[in-house]
Amino acid sequence: MGGGNRFSLPQAVLAGESSARIERIAERREGTVGDISVAEPRMTCRNVDVYYADKHAIQDVSLDIGTNEVISMIGPSGCGKSTFLRCLNRMNDTIDICRVSGEILLDGVDIYDRSLDVVPLRARVGMVFQKPNPFPKSIYDNIAYGPRIHGLADGRAELDGIVEDSLRRAGLWDEVKDRMEQPGTGLSGGQQQRLCIARAIAVSPEVILMDEPCSALDPIATARIEELIDELRENYTIAIVTHSMQQAARVSQRTAYFHLGRLVEVGKTDDIFTNPRHKLTEDYITGRFG
Ligand SMILES: Nc1ncnc2c1ncn2[C@@H]1O[C@H](COP(=O)(O)OP(=O)(O)O)[C@@H](O)[C@H]1O
Ligand SMILES: [Mg+2]
């Protein structure tokens, strides 16, 4: 809670700070290691802070999310991965005590602008959660729901087309095409998660946020989702939170390592896992921490 220390390091030395305390000051002042920016950003986050009441959950995070990339967010439990992910489509708005500041742009437009409508924003930046959450509706209606409320289909034939296309892209069509009127909740866990991905795809998102999308799935269903993520990258930008370093290594091109609300390091996934530059990243990926 040190209360905003404004000393620069030499001043701190002159003021007789202990070396441990100077190290802590240095830590607080340190920015993210690695390249936070990319050539073709889909989203641009700058100096993002998030508070839950007076708990400072995300501290001065700046990060670009590239077009058609999969970026994974990793780090110990409670470090702010989900909080940061939720900033990207304003899901934190639904939490009363949560305050977000800083700048987050989607295709150059400030998504926190007061005049911006969050309903179309959440279609453009869709979300898939840890636990598959199909609506208590038929498979067909799960997918048709979004296109209907956003008025994306002109008539039944067009809606049928969107539903089929979304299910195909999510790799689920062949498994469900003969049971479209059955409840989505009757599918297996892995199928339900692909149904939720199809539901997100049905409203033509640009970005899909996934918060530990495989943590409730068995290894086979997980492998299927990971394959799917790789296929979807061609058309969508994906930001995925995962507690599995193996999964981050398998599915993402860039990896962001969070620690206690800060973005410690970001870089190419291979570099992060083979040649981390920050000690905290190294400790985490070698299993010394977290
Ligand atoms: N709805 C909430 N209300 C209050 N504090 C929260 C809420 N959600 C998360 N936090 C706190 O914010 C911090 C970051 O949490 P979270 O983003 O869920 O981390 P992660 O996803 O990395 O496990 C934690 O200290 C957590 O307790
Ligand atoms: Mg989380």
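For clarity, every value in this text was computed on a predicted model and none was experimentally measured.

*Asks:* Got a sec to walk through unusual backbone geometry? Specific residues and values, please.
*Replies:* Of note in this structure, Arg 90 is not a glycine but carries a positive phi near 60 degrees. Within the secondary structure, Arg 90 sits in the loop between helix 3 (81–87) and strand 4 (98–106). Phi at Glu 212 takes a positive value of approximately 45 degrees, unusual for a residue other than glycine. If you trace the backbone, Glu 212 turns up in the loop between strand 7 (207–211) and helix 9 (219–232).

*Asks:* I'd like to hear about the pairing of strand 1 (residues 41–52), residue by residue, with values.
*Replies:* Two strands pair when backbone bridges link them, and strand 1 and strand 2 (residues 55–66) are joined in this way by 8 bridges, in the antiparallel orientation. Bridge pairing links Pro 41 to Gly 66 in strand 2. Between the end of strand 1 and the start of strand 2, which pair antiparallel, lie 2 residues, with Ala 53 showing a positive phi angle near 50 degrees. Here 8 bridges tie strand 1 to strand 4, and the two strands are oriented antiparallel to one another. Opposite Val 50, over in strand 4, you have Val 100 as the bridge partner.

*Asks:* Explain helix 8 (residues 189–201) to me, using residue names and the numbers behind them.
*Replies:* With 13 residues, helix 8 should cover 18 Å at 1.5 Å per step; its first-to-last C-alpha distance of 18 Å lies within 8% of that length. With respect to burial, helix 8 is a largely interior element, 12 of its 13 residues being buried. Buried residues along helix 8 sit in contact with strand 6 (125–128), helix 5 (139–149), helix 6 (156–169), helix 7 (173–176), strand 7 and helix 9.

*Asks:* An account of the packing of helix 8 against helix 9 is needed here, citing residue identities and associated values.
*Replies:* Where helix 8 meets helix 9, the closest approach of the two axes is 9 Å, and the angle between their N-to-C directions is 20 degrees. Relative to helix 9, helix 8 is oriented roughly parallel. For the element pair helix 8 and helix 9, the recorded crossing hand is right-handed. Along its contact with helix 8, which presents Gly 189, Gly 190, Gln 193, Arg 194 and Ile 197, the element helix 9 presents Ala 221, Arg 224, Ile 225 and Leu 228. For the contact of helix 8 with helix 9, the per-class residue count stands at 4 nonpolar, 3 polar and 2 charged.

*Asks:* Run through the site of ligand 1, naming residues and quoting values.
*Replies:* Surrounding ligand 1, one finds Tyr 52, Lys 55, Ala 57, Gly 75, Ser 77, Gly 78, Cys 79, Gly 80, Lys 81, Ser 82, Thr 83 and Ile 95. Elements with a minimum of two residues in the shell around ligand 1: strand 2 and helix 3. A per-element tally of the shell around ligand 1 places helix 3 first, with 3 residues. Its residues assigned to classes, the shell around ligand 1 shows 4 nonpolar, 6 polar and 2 charged.

*Asks:* Tell me what's going on with helix 5, and back it up with residues and numbers.
*Replies:* Along helix 5, the positions that sit buried rather than exposed are Ile 139, Asn 142, Ile 143, Ala 144, Gly 146 and Pro 147. Considering only its buried residues, helix 5 is in contact with helix 4 (118–124), helix 6, helix 7 and helix 8. Directly beyond the C-terminal end of helix 5, a positive phi value near 60 degrees is found at Gly 151.

*Asks:* Can you lay out the pairing of strand 3 (residues 70–74) for me, pointing to particular residues and giving the numbers?
*Replies:* Counting buried positions along strand 3 gives 5 out of 5 residues, so the element sits mostly inside the fold. By the alternation rule, side chains of strand 3 split into Val 70, Ser 72 and Ile 74 and Ile 71 and Met 73, which are all buried. Strand direction decides the pairing type here: strand 3 and strand 8 (residues 237–241), joined by 4 bridges, are parallel. Each residue of the ladder has a partner; that of Ile 71, found in strand 8, is Ala 239. Sheet topology note: the strand 3/strand 9 (residues 254–259) ladder contains 4 bridges and is parallel. When the bridges of strand 9 are listed, Met 73 appears paired with Ala 256.

*Asks:* Report on the sheet that holds strand 5 (residues 109–110), specifying residues and quantitative values.
*Replies:* Sheets are built from strands paired through backbone hydrogen bonds, the pairs being either parallel or antiparallel. Read from one edge of the open sheet, 4 strands run 2-1-4-5, paired in antiparallel fashion. Of all strands in the sheet, those with a lone pairing partner are strand 2 and strand 5, marking the two edges.

About the cut-offs
Residues numbered from 1 in each chain as written. Chains lettered and ligands numbered in written order. Predicted model: local features only at pLDDT ≥ 70, side-chain atom pairs only at ≥ 80, totals over all residues. Helix = DSSP H or I, 4+ residues; strand = E, 2+ residues; numbered from the N terminus. Pairing = 2+ DSSP bridges. Expected span 1.5 Å × (residues − 1). Buried ≥ 20, exposed ≤ 12 C-beta atoms within 10 Å, placed from the backbone. Contact = placed C-beta atoms within 7 Å. Axes fitted to C-alpha atoms, helices over the stretch in contact; angles between N-to-C directions. Parallel < 35°, antiparallel > 145°, perpendicular 65-115°, else oblique. Left-handed = near helix turned anticlockwise from the far one by under 90°. Nonpolar A, V, L, I, M, F, W, Y, C, P; charged D, E, K, R; others polar. Near = placed C-beta within 6 Å.

Read these as spatial facts, not as claims about activity.
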